[in-house]
Amino acid sequence: MKYIPIGSKQIAFVQYDDQSAQMHIQYHTGQTQVCTGVNEDQVQRLLQSDNPYDIMVRLTRVPQTAHQA
């Protein structure tokens, strides 16, 4: 899994698994969210963004790909 730094008060960290195309989002509250179907282009946009939190919000809004654990 690839660690993706996110400077956020809500998100503790994000990890991306390119084998399964899943993004694991760990919130400071302890909640974990898994987004499936995340491709490498989306990850690259996230890594290069001046505001990665906004991209995370867009990724987690897609109802068919976001699963909470």
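Residues numbered from 1 in each chain as written. Predicted model: local features only at pLDDT ≥ 70, side-chain atom pairs only at ≥ 80, totals over all residues. Heavy atoms only, no water.

1. Some remarks on the overall build of the protein
Scanning the protein for helices and strands turns up two helices and five strands. Secondary structure of the protein in N-to-C order comes out as β-β-β-β-α-α-β. The buried share of the protein, taken over its 69 residues, is 38%. Sequence-distant contacts, at least 24 apart, represent 37% of the contacts inside the protein between residues at least 6 apart. Approximately 4,400 Å² of the protein is accessible, and the part contributed by carbon and sulfur atoms is 47%. (Helix = DSSP H or I, 4+ residues; strand = E, 2+ residues; numbered from the N terminus. Buried < 20%, exposed > 50% of the residue type's maximum accessible area, 1.4 Å probe, protein only. Contact = heavy atoms within 4.5 Å. Areas by Shrake-Rupley, 256 points an atom, 1.4 Å probe, with all protein chains shown as cover.)

2. What to know about unusual backbone geometry
Outside of glycine, negative phi angles account for most residues, and trans bonds account for most peptide bonds. A positive phi angle is found at alanine 21, which is not glycine, with a value near 55°. Here alanine 21 lies in the loop between strand E2 (11-17) and strand E3 (22-27).

3. A few points about the pairing of E3
The side chains of a regular strand alternate, residue by residue, between the two faces of the sheet. The buried fraction of E3 amounts to five of the six residues, a majority that puts the element mostly inside the structure. Pairing geometry for E2 and E3, over six bridges, is antiparallel. Within E3, the position partnered with isoleucine 11 by the bridge is tyrosine 27. Here E2 folds back onto E3 in antiparallel fashion, the turn holding four residues, of which alanine 21 has a positive phi close to 55°. Connecting E3 to the antiparallel partner strand E4 (residues 32-36) that follows it, the hairpin turn spans four residues, and glycine 30 within it adopts a positive phi of roughly 100°. (Pairing = 2+ DSSP bridges.)

This is a description of form; function is not addressed.
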